[in-house]
Amino acid sequence: MTILVETIEETRRRIASVRAGGRIVGFVPTMGALHAGHSALMERCRAESDFVVASIFVNPTQFAPGEDLDRYPRTLELDLDRCRNVGVDLVFYPSIPEIYPNGSDSTLVETPGLTRILEGAARPGHFRGVATVVLKLFNIVQPDIAYFGQKDFQQLTVIRRMTTDLLLPIEIRPHPTVREPDGLALSSRNRYLSARERSTAPILHRALTRARDAVVAGLANGDRVRQILRETLESGTGVVVDYAEVVDDRTLEPLTELTGRRAIALVAARLGSTRLLDNLYLSE
Ligand code: PAF
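Counting of residues starts from 1 at the beginning of each chain's written sequence and follows it residue by residue. Per-residue local features of the predicted model are confined to residues with pLDDT of at least 70, and side-chain atom pairs are confined, for both listing and counting, to 80 or more; whole-chain, interface and lining totals are unaffected and use all residues. Calculated side-chain values reflect all of the structure's heavy atoms, with hydrogen atoms and water omitted.

Colleague: I'd like a description of the overall build of the protein, backed by residues and values.
Modeller: Strands here mean DSSP runs of E at least two residues long; helices mean DSSP runs of H or I at least four residues long; both are numbered from the N terminus. Secondary structure assignment for the protein yields 10 helices and nine strands. Against the 2.2 N^0.38 benchmark of 19 Å for 284 residues, the protein shows a C-alpha radius of gyration of 19 Å, consistent with a compact globule. Between buried and exposed lies partly exposed: a residue is buried under 20% and exposed over 50% of the maximum accessible area for its type, with that area taken using a 1.4 Å probe on protein chains only. Buried positions account for 54% of the 284 residues belonging to the protein. In this description, contact between two residues means that some pair of their heavy atoms is separated by no more than 4.5 Å. Long-range pairs, those at least 24 residues apart, make up 71% of the contacts in the protein between residues at least 6 apart in sequence. Only the protein chains shown count as cover for residues, and the accessible areas themselves come from Shrake-Rupley with a 1.4 Å probe. Accessible area of the protein: about 13,100 Å², with a carbon and sulfur share of 50%. If the 35 positive side-chain charges of the protein are averaged to one point and the 36 negative ones to another, these points end up 1 Å apart. This radius of gyration counts C-alpha atoms alone. The globule rule is 2.2 Å times how many residues there are, raised to the power 0.38. For the charge count, each Lys or Arg is scored as positive and each Asp or Glu as negative, with His and the chain ends excluded. We put the charge of a Lys on NZ, of an Arg on CZ, of an Asp on CG and of a Glu on CD.

Have a look at this one:
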């Protein structure tokens, strides 16, 4: 049975009794608008822990200036169906004042260095908001394991860093990106694509696989890989490239030479008013 809990107090009480029985608590934080990618995270959490907690909270502090919190899709009933189908034990669904008791005067969490580049440059304050809310949720749920999709690779990196730096006893388990059959990474933003944009959108994945194939075939020059990414993306009608980068997977530092490095390619592009992200490891 899936129970819906709105308060911190009840969530803590229920999870404390689970923990007292020595059971492993797994956690999947979300902002709702759940899709098959979230189901994959929750299914994995179900398989690897004894008690599965998911949170649904549209976090206001991670919306950058100009991004519209009110326009974010809210689909609670469908989300709960998805949680029930996967066998989530507890859905934490707090209000904004529950999570931010001091309103906009909240203590904030910064992971400097990782947040002013790539997505952070395009969305000032976004990762500060993500790190802050994830720390709050971790403090409430106190999971043994927490799951994050690799699709939002910079977010995953920020959360790993915060967990290490703040000495949190939580294991972060990344989960591979779930894709449509044509390669498009699942995202709650895909619903905003027009039919024409939707047919162009797999070009992000095509650019990444071309770059990966070139690296597997021996290309080790980061600039040349960036060029392959950008040229492929720009060949798509109406695609506006935001960035096409090749970085170290821990520090997100841009790489010029790929030999001996764990390199990942990250791309962001706009199709009409929808901004899509994707990434792919270039080496094992
Ligand atoms: O990836 C998301 O859905 C959100 O950024 C997260 C991690 C739930 C924090 O609000």
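Colleague: Can you lay out the nonpolar core for me, pointing to particular residues and giving the numbers?
Modeller: Ranked by size, the top nonpolar core spans 44 residues in total, and within it Val53, Ile99, Val134, Phe138, Phe148, Met162 and Ile172 carry the most contacts. Considering each element in turn, this core owes the most residues, 10 residues, to helix α6 (residues 126-141). Apart from residues no more than four positions distant in its own chain, Met162 is found in contact with Val109, Thr111, Ala131, Val134, Leu135, Phe138 and Leu168. Think of a nonpolar core as a cluster: buried Ala, Val, Leu, Ile, Met, Phe, Trp, Tyr and Cys residues, connected wherever their side-chain atoms sit within 4.5 Å. Counting 26 residues, the second largest nonpolar core, distinct from the first, contains Val241, Val246, Leu258 and Leu276.

Colleague: So what's going on with the site of the ligand? Which residues, and what values?
Modeller: Whether a residue is near a molecule or strand depends on its heavy atoms: it is near if one of them lies within 4 Å of it. Residues in contact with the ligand, as listed here, are Pro29, Thr30, Met31, Gln62, Val133, Val134, Phe148 and Gln155. We call two N or O atoms a polar contact when they sit within 3.5 Å, provided that within protein one can donate a hydrogen and the other can accept it, with sequence-adjacent residues counted only if both atoms are side-chain atoms. In the model, an oxygen atom of the ligand is placed 2.6 Å from a nitrogen or oxygen of the Gln62 side chain. Gln155 places a side-chain nitrogen or oxygen 2.7 Å from an oxygen atom of the ligand. Relative to its unbound accessible area of 280 Å², the ligand is 88% covered by the protein chains. Of all the elements in the fold, those that place two or more residues in the shell around the ligand are β2 (25-30) and α6.

Colleague: I'd like to hear about helix α3 (residues 76-86), residue by residue, with values.
Modeller: Within α3, burial applies to Asp79, Leu80, Cys83 and Val86. End-on view of α3: buried residues confined to an arc of 125°, all on one side of the axis. More than 90 degrees from the buried face of α3, the exposed residues found are Glu77, Leu78 and Asn85. Buried-residue contacts for α3 involve β1 (3-5), α2 (36-48), β3 (51-56) and β4 (90-92). Phi turns positive one or two residues past the end of α3, at Gly87, with a value near 85°. Within this analysis, the arc is defined by the directions that extend from the helix axis to the C-beta atoms.

Colleague: I'd love a proper account of the pattern of salt bridges, names of residues and values included.
Modeller: Criterion for a salt bridge: a side-chain nitrogen of Lys or Arg within 4 Å of a carboxyl oxygen of Asp or Glu. Throughout the structure, instances matching the rule amount to 22 salt bridges. Here Arg212 ties to Asp213 by a salt bridge, and the two come within 3.2 Å at their closest N and O atoms. Given the relative accessible area of 27%, Arg212 is considered partly exposed. Asp213 sits in the partly exposed class, given a relative accessible area of 44%. The salt bridge partner of Arg230 is Glu234, with a shortest N-O separation of 3.6 Å. Here the residue Arg230 and the residue Glu234 both occupy positions in helix α10 (residues 222-234), the gap between them amounting to four residues, near one helical turn. Under the relative-accessibility criterion, Glu234 is labelled partly exposed at 48%. What emerges from the salt-bridge pattern is a single network uniting Arg44, Glu48, Glu171 and Arg173.

Colleague: With reference to specific residues and values, describe unusual backbone geometry.
Modeller: Its identity is not glycine, yet Ala33 carries a phi of approximately 50°, on the positive side. Note that Ala33 resides in the loop between β2 and α2. Look at Ala33 and you get buried, because its relative accessible area is 1%. The backbone of Leu118 shows a phi angle near 50°, a positive value even though the residue is not glycine. The topology assignment puts Leu118 in the loop between α4 (96-99) and α5 (119-122). Accessibility expressed as a relative area gives 12% for Leu118, which makes it buried.

Colleague: Before we move on, can you summarise the sheet that holds strand β7 (residues 239-248) with the specific residues and values?
Modeller: Pairing within the open sheet is antiparallel, and its three strands lie in the order β7-β8-β9. Either end of the sheet is taken by a strand with one partner, and the two such strands are β7 and β9 (274-281). On average, each strand axis in the sheet is tilted by 15° relative to the strand beside it, whichever way the strands run. Across nine bridges, β7 lies against strand β8 (residues 263-271) in antiparallel orientation. Bridged to Asp248 within β8 is Ala263. A fitted line through C-alpha atoms represents every axis, and for helices the fit uses only the stretch in contact; the resulting angles, taken between N-to-C directions, go from 0 to 180 degrees. Sheet contacts for α10: β7 and β8; angle to β7, the most-contacted strand, approximately 155°. Here a strand pair is declared whenever DSSP counts at least two bridges between the two strands.

The analysis is restricted to geometry; functional conclusions fall outside its scope.
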